[in-house]
Amino acid sequence: MMEMLKRYNLPNRRSKIEDRKSNKVRVRFAPSPTGYLHIGNARTAFFNWLYARKEGGNFILRIEDTDRGRSSERFERIILEDMRWMGLEWDEGPDCGGGFGPYRQSERLNIYKEYASQLIEDGKAYNCYCTPDELEKRRDELLGRGIAPKYDGRCRNLSEKERIRYEEEGRRPAIRFIVEEGMVEVDDIIKGNISFNCNTIGDFIILRSDSVASYNFAAVIDDALMEITHIIRGEDHLPNTPRQILLNRALGFPPPMFAHLSTIMGHDRMQLSKRHNGVSIEYLKKKGFLPEALLNYLSLLGWSPGGEVEIIPLEDIIKRFSLERASKGAAIFDPDKLKWMNSIYIRNMDLERLTDILIPFIRGEGVDIEGVDRGWLERMVDTIRDNIETLTSVSDYIDIFFGTDINICKEGIALLKDNSAIDVIKAVRDEIREVDSITHDIYIKMVSSIKKRMKLEDKRLFMPIRVALTGRTKGPRLDRIFPLIDKEILLKRVDKALDVCTQNLEKF
Ligand code: GLU
């Protein structure tokens, strides 16, 4: 044992919290790479990150991949990519190392085995030879009698003879931790004081018969060895907390602080899950949400800075963040609010950056923008930015700016049947013919002269022009669209609109 302690530089079992290398806050995000990062665990990662940044501490990324059947390298890669995309950089982790590695649990299996042996030596754990089938049968029997299932402790005091018999039968033992009667108190930073009765827990497995550590055991050891000071995670882990505290005590580790974040629910008030559309970060990224908007939104899921303001720059969130202000009650994930927030960030974003991040989305629509002038592109982006909620909505404007022909929507066709539409569009056509392009100033002059001449109210003036130019009845400002479109294309579009006005419907 001592050899192992030295090799892994394990802290002395009796060390106290004050003996830690420093009093620095150390928090961790510990995803299992068994699926995508989603709103729930992204919020956990973010709150840990925020707390570390606020307190000048360290944010550690640990991969909990002991469940080899369900874990995959692909998901680990995606989780890391998504965290980087959100800007949640970590100080220590599987890719960048750090002084407390390895940071993947699958690379720490020997450490867990050593501690399991230590607990057996100390009389705090024992070999259990019960097979999964036997356990299930007993479990079902208890359930059938309306009793909450719990391990009955039958292997706690096996005689040497019984043990040998089991070994000879070829049974491979798991290791169970002894849970004594009593209460465990948790002083949770968010939830307050919670008591758990150990009677309901029962001796639980810390090392499976294939020598793989259980989640609770591996997490406790890693949290201690990595000198984690605060465990911030979803409240679905609250039932694990008494088990972890008992293990922590049995191993003589200093106790960490706990902060359990309230559950995130969907609109149906069910816990957020894959059933709720659009909860994975991959999906939100592909849909064109901005990481800064997502972080702002996540910050309000179970935390509040106080006051009415909802759009808060990240630096302010960091400054104002505190676990004490995290809410006890459930948070509701509202995709519409996230969209609204995203649109605000799109509207206020630096134009150059917005253009850069929109380019892949424009390309994704099959547009070759190789030879497109950068200045033109930025003006186009600036023109549509007030009208898009997510970056993928750029697809709504591709035909207007990159196409020649446009389809006129049904409502637009109806509007072109209005008596005055034909004269308005003819006047626009005459103006286009006269100039090289319709600049902003020319546009303003053109519409005011048509308006005066034809004595038209705004709607009957602008609607036909909008429909002729864009095929739709709504969209970005016309004075900004006109200058971005070539003369020949403008003429084509007004001619098409005139055809509609004159009932040449067979063309449509
Ligand atoms: N691997 C666990 C999970 O993904 C981590 C739980 C914890 O933070 O302790 O839920």
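Residues numbered from 1 in each chain as written. Predicted model: local features only at pLDDT ≥ 70, side-chain atom pairs only at ≥ 80, totals over all residues. Heavy atoms only, no water.

A word on the site of the ligand
As a matter of local geometry, the ligand sits amid Arg28, Ala30, Pro31, Ser32, Glu64, Tyr215, Arg233 and His237. Serine 32 is positioned with one of its side-chain polar atoms (N or O) 2.9 Å from a nitrogen atom of the ligand. Measuring from a nitrogen atom of the ligand, one finds a side-chain N or O atom of glutamate 64 at 2.6 Å. Burial of the ligand by the surrounding chains reaches 80%, relative to a free accessible area of 300 Å². Partitioning the shell around the ligand into residue classes produces 3 nonpolar, 2 polar and 3 charged. (Near = heavy atom within 4 Å. Polar contact = N/O pair within 3.5 Å; in protein donor to acceptor, adjacent residues only side chain to side chain. Areas by Shrake-Rupley, 256 points an atom, 1.4 Å probe, with all protein chains shown as cover. Nonpolar A, V, L, I, M, F, W, Y, C, P; charged D, E, K, R; others polar.)

Points about the nonpolar core
Judged by nonpolar contacts, the single largest core of 105 residues is most densely connected at Ile39, Met83, Met86, Leu358, Phe401 and Phe482. Within the second largest apolar cluster, 39 residues are counted, among which are Ile175, Ala250, Phe253 and Phe258. (Core = buried A, V, L, I, M, F, W, Y, C linked by side-chain atoms within 4.5 Å. Buried < 20%, exposed > 50% of the residue type's maximum accessible area, 1.4 Å probe, protein only.)

Side note on the side chain of aspartate 479
By secondary structure assignment, the location of aspartate 479 is in helix 20 (residues 478–481). Of note is the side chain of aspartate 479, whose polar atom sits 3.1 Å from the side chain of histidine 440. Polar contacts involving the side chain of aspartate 479 include one to the side chain of arginine 477, which spans 2.8 Å. (Helix = DSSP H or I, 4+ residues; strand = E, 2+ residues; numbered from the N terminus.)

What to know about the state of the cysteines
For the coordinates displayed, the defined rule picks out 0 disulfides. Not part of a disulfide, cysteine 128 finds its nearest cysteine sulfur in cysteine 130, a span of 3.9 Å. Classification of cysteine 128 by relative accessible area gives buried; the value is 1%. The thiol of cysteine 198 is not disulfide-bonded; the next cysteine sulfur, from cysteine 128, is found 19 Å away. (Disulfide = S-S within 2.5 Å.)

Brief notes about the sheet that holds strand 3 (residues 125–128)
Taken together, the 3 strands give an open sheet; going across it, the order is 3-4-7, and neighbouring strands pair in antiparallel fashion. At either end of the open sheet lies a strand with only one pairing partner, and these are strand 3 and strand 7 (204–207). Strand after strand, the sheet turns through a mean of 45° between neighbouring axes, direction not considered. (Pairing = 2+ DSSP bridges. Axes fitted to C-alpha atoms, helices over the stretch in contact; angles between N-to-C directions.)

Overview of the pattern of salt bridges
Scanning all chains against the criterion turns up 44 salt bridges. Ionic pairing is found between arginine 26 and glutamate 92, a salt bridge with its closest N-O pair at 2.8 Å. Pair noted here: arginine 26 is in strand 1 (residues 26–29) and glutamate 92 is in the loop between helix 3 (73–86) and helix 4 (109–121), with a separation of 66 residues, a long-range link. The buried category is assigned to glutamate 92, whose relative accessible area is 7%. Taking the shortest distance from any N to any O, the salt bridge between arginine 108 and aspartate 222 comes out at 2.7 Å. Of this pair, arginine 108 sits in the loop between helix 3 and helix 4 while aspartate 222 sits in helix 7 (residues 215–225), and the two are 114 residues apart along the sequence. A relative accessible area of 1% places arginine 108 in the buried class. (Salt bridge = Lys/Arg side-chain N within 4 Å of Asp/Glu carboxyl O.)

Quick word on helix 4
Taking 1.5 Å of rise per residue, 13 residues should cover 18 Å, and helix 4 covers 19 Å from first to last C-alpha, within 8% of that figure. What helix 4 keeps buried is the set Ile111, Tyr112, Tyr115, Ala116, Gln118 and Leu119. With its buried residues spanning 155° around the axis, helix 4 presents them on a single face. Just past helix 4, the residue glycine 123 takes up positive phi, approximately 75°. (Expected span 1.5 Å × (residues − 1). Arc of directions from axis to C-beta.)

Spatial relationships are all this shows, so hold off on functional conclusions.
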